[in-house]
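Reading the structure
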Amino acid sequence: MDEHEQSELVRSWLRNNSGALAGGLVVGLAGILGWQWWQHNQAQHRFDAATTYQALQDAAERKDAVVIDQMAAELGSRYANTPYGALGLLHLADQKLTAGDAEAAQAALLDAARAAQDAALAGLAQLRLARIQIEAGKAQDALDSLAKLPADGFTGLAAEARGDALRVLGRSEEAQAAYQDALRTLETGAPNRTIIEMKLADMGAAPATPGA
């Protein structure tokens with residue numbers, strides 16, 4: 001085709017497809033604007049969650065139990081899809097435990113473990129839950145909670161808690177092995193090393209030598 005024929009072909013194609021082109025342009029623009037709107041809303045959502053969490057922290061410093069309850073509930077319902085949802089529940093658990101309500105603290109930690117989007121945060125909730133369960137005499141429940149920890153999460157602290165639970169259950173040899181695992185995992189300057197060594201000594205066992 002010569003240049004005239006080519007230009008006629010192009011004009012004909014544009015006439016026949018102008019509706020589709022316009023529609024595609026509208027859809028494309030709508031998609032771009034929609035994406036920008038969604039990003040803005042997400043950013044605002046995270047900012048609001050952070051602001052609410054700051055209010056909860058301020059209330060925790062004032063030991064204002066009523067506001068802590070309110071802010072934690074709001075974080076857990078409206079902002080559960082952000083890290084602040086689980087963090088708020090961890091604060092709530094601390095407040096309930098300080099108030100002597102171990103059952104409410106356990107419930108808050110279970111909710112925190114379920115809400116956490118980060119494995120480390122979920123592991124922290126499970127570890128705290130296990131410690132409360134041990135104090136409450138629920139050693140087997142504590143072992144079940146510790147079993148849900150990530151393989152590489154809080155290894156030394158989890159081993160110590162496992163030893164405490166096993167000791168409550170009267171499984172002395174397993175408890176000693178767990179304590180030895182904790183000592184092998186914890187750093188030399190870890191503050192709870194001395195406590196674990198005292199627990200082993202109380203059971204008539206010597207701590208494993210470093211690197212053994």
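Notes on the structure follow.

A word on the packing of aromatic side chains. Evaluation of the coordinates by the stated rule reveals one aromatic pair. Centroid distance Tyr 53 to Tyr 84: 5.5 Å. Interplanar angle 45°. Geometry classified as tilted. Remark: Tyr 84 occurs in helix α3 (residues 83-98) and Tyr 53 occurs in helix α1 (residues 3-62); sequence separation between them is 31 residues. The exposure class assigned to Tyr 53 is buried, which follows from its relative accessible area of 12%. For Tyr 84, a relative accessible area of 24% corresponds to the partly exposed category.

Moving on, we come to the pattern of salt bridges. Side-chain pairs of opposite charge can arise whenever the charged atoms involved come near each other. Scanning all chains against the criterion turns up twelve salt bridges. Asp 69 serves as the salt-bridge partner of Lys 96, at 3.5 Å between the closest nitrogen and oxygen. Of this pair, Lys 96 sits in helix α3 while Asp 69 sits in helix α2 (residues 65-78), and the two are 27 residues apart along the sequence. Among the residues examined, Asp 69 registers a relative accessible area of 31% and is labelled partly exposed. One salt bridge in this structure joins Lys 199 and Asp 164, with 2.9 Å as the shortest N-O distance. With a gap of 35 residues between them, Lys 199 in helix α9 (residues 193-202) and Asp 164 in helix α7 (residues 155-168) connect regions that are remote in the sequence. Asp 164 gets classed as buried once you look at its relative accessible area, which sits at 15%. Ionic contacts of the salt-bridge type, sharing partners, join the residues Arg 131, Glu 160, Asp 164 and Lys 199 into one network.

The rules behind these values
- Sequence order as written defines residue numbering, which begins from 1 separately in each chain.
- Local features in this predicted model are restricted to residues whose pLDDT is 70 or higher, and side-chain atom pairs enter the listing and the counts only when it is 80 or higher, whereas totals over whole chains, interfaces and linings include all residues.
- Values reported for side chains reflect all heavy atoms of the structure, with hydrogen atoms and water molecules removed beforehand.
- Centres within 6.5 Å are what make two rings of Phe, Tyr or Trp a pair, Trp counting through its six-membered ring; a difference in plane orientation under 30 degrees is then read as stacked, over 60 as edge-to-face, and the rest as tilted.
- Counting from the N terminus, the helices are DSSP H or I runs at least four residues long and the strands are E runs at least two residues long.
- Accessibility here uses a 1.4 Å probe with only protein chains present; expressed as a share of the type maximum, an area under 20% marks a residue as buried, one over 50% as exposed, and anything in between as partly exposed.
- A pairing counts as a salt bridge when a side-chain nitrogen of Lys or Arg comes within 4 Å of a carboxyl oxygen of Asp or Glu.

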